Amino acid sequence: MSAVTTPRVATRDEWLRQRVALLEAEKELTRRKDAVAKARRELPWVAVEEDYRFDTADGERALADLFDGRGQLLVYHFMFGTDWDEGCPSCSFWADNYNGVTAHLAARDTTLVAVSTAPLEKLHAYRARMGWSFPWVSSAGSTFNRDYGVSHASTYNYRPVEQLMEESPGLSVFARHAGRVFHTYSCYARGLDAFNTAYALLDVTPKGRDEDELPWTMAWLRRHDQY
């Protein structure tokens, strides 16, 4: 972990002038994000024709059942391979943000579930260890995660990959309309940053994420019960 670089010290008035100038840049970024969010909502929908099946706590369920009676479904593709003993540390970092939010999402007609290829009993054991409560289902025996670009896929983040990765993270969005299920959006890689509150909080500190000098970006990361 690097030390804070020697700070530039200013008077309160000097700091305020620079802070107000930065505020304009932040407002422009917010306006741009709002415009991108609007464009995202205006993407066309694609009907899901495949009969995907998932192993859940309530037995085998179809994709439409995962909505739990709501109109929108968020699927976090959690990296947990079929023969893994525990979930991916980085996906666990993201999943730490999901527990308390599910009630608020439900109030806006939206269900959040995690989907992995590992057997259900492994997922539930790991969820208990981590203290999570959000729904988590297994797509074992299904092509769901492969079809949505996160398991043994030849493309990732809409670009070809040189070497197939067993598992990769992502988030996919589905909607129900007139009795049918539609795919509306997916994102991967840095597109997932928006769903990680810890990173958002670190981004406003003097050190930021403090990852530039690490062997790889998230070399510092541990599961929350391993620090």
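Definitions and cut-offs
Residues numbered from 1 in each chain as written. Predicted model: local features only at pLDDT ≥ 70, side-chain atom pairs only at ≥ 80, totals over all residues. Heavy atoms only, no water. Core = buried A, V, L, I, M, F, W, Y, C linked by side-chain atoms within 4.5 Å. Buried < 20%, exposed > 50% of the residue type's maximum accessible area, 1.4 Å probe, protein only. Helix = DSSP H or I, 4+ residues; strand = E, 2+ residues; numbered from the N terminus. Contact = heavy atoms within 4.5 Å. Polar contact = N/O pair within 3.5 Å; in protein donor to acceptor, adjacent residues only side chain to side chain. Right-handed = clockwise from strand over helix to strand, strands pointing away. Phe/Tyr/Trp six-rings, centres within 6.5 Å; stacked < 30°, edge-to-face > 60°.

S.K.: Sorry if this is basic, but what is going on with the nonpolar core here?
M.R.: For soluble globular proteins, nonpolar side chains are generally found buried alongside one another. With 27 residues, the main nonpolar core has Phe78, Trp94, Trp132 and Trp136 as its most contacted residues. Taken together, the elements giving at least two residues each to this core come down to strand E4 (72-77), helix H2 (89-95), strand E5 (110-116), helix H4 (120-130) and strand E9 (170-177). Core analysis: the second largest hydrophobic core is formed by 15 residues, Val48, Tyr52, Phe54 and Val137 among them.

S.K.: How should I be thinking about the environment of glutamine 72 in this particular structure?
M.R.: Structurally, glutamine 72 can be placed in strand E4. Separated by 33 residues in the primary sequence, glutamine 72 and leucine 105 place their C-alpha atoms 9.5 Å from one another. Setting aside its immediate chain neighbours within four residues, glutamine 72 contacts Phe67, Arg108, Asp109, Thr110, Thr111 and Phe174. Here the side chain of glutamine 72 touches threonine 110 through a polar contact of 2.8 Å, side chain to side chain.

S.K.: Mind showing me how you'd approach the side chain of arginine 223 here?
M.R.: Tracing the backbone through its elements, the reader meets arginine 223 in the segment after helix H6 (197-202). A polar contact is formed between the side chain of arginine 223 and the backbone oxygen of glycine 87, at a distance of 2.7 Å. Excluding residues within four positions of it along the chain, arginine 223 makes contact with Glu86, Gly87, Cys88, Pro89, Ser92, Tyr126, Arg129 and Met130.

S.K.: Before we go on, may I ask you to explain the pairing of E5 in this structure?
M.R.: Among the seven residues in E5, seven count as buried, and that is most of the element. Taking every second residue as pointing to the same face, both faces of E5 are buried, with Thr110, Leu112, Ala114 and Ser116 on one and Thr111, Val113 and Val115 on the other. Regarding topology, H4 serves as the crossover connection from E5 to the parallel strand E6 (residues 136-138), and that connection is right-handed.

S.K.: Sorry if this is basic, but what is going on with the packing of aromatic side chains here?
M.R.: Here a ring pair, both rings aromatic, is described through the centre-centre distance and the interplanar angle of the planes. With the rule as written, the count across this model stands at 26 aromatic pairs. For the ring pair phenylalanine 80 and tyrosine 126, a centre distance of 5.7 Å and an interplane angle of 90 degrees mean the geometry is edge-to-face. You can see phenylalanine 80 sitting in the loop between E4 and H2 and its partner tyrosine 126 sitting in helix H4, a full 46 residues away along the chain. Like phenylalanine 80, the residue tyrosine 126 is buried in the burial classification. With a centroid separation of 6.2 Å and 65 degrees between ring planes, the pair formed by phenylalanine 80 and tryptophan 136 is classed as edge-to-face. Residue phenylalanine 80 is located in the loop between E4 and H2, and its partner tryptophan 136 is located in strand E6; the two are separated by 56 residues in the primary sequence.

S.K.: Honestly, unusual backbone geometry in this entry has me stumped. Any pointers?
M.R.: Glycine aside, negative phi is the norm for most residues, and most peptide bonds take the trans geometry. One non-glycine residue, alanine 189, adopts positive backbone phi at about 50 degrees. Structurally, alanine 189 can be placed in the loop between strand E10 (180-188) and H6. Even without a glycine there, the phi angle at aspartate 210 is positive, about 55 degrees. One can find aspartate 210 in the segment after H6. Of the residues examined, aspartate 210 reaches a relative accessible area of 23% and is grouped as partly exposed.

These figures come from the coordinates and say nothing about function on their own.
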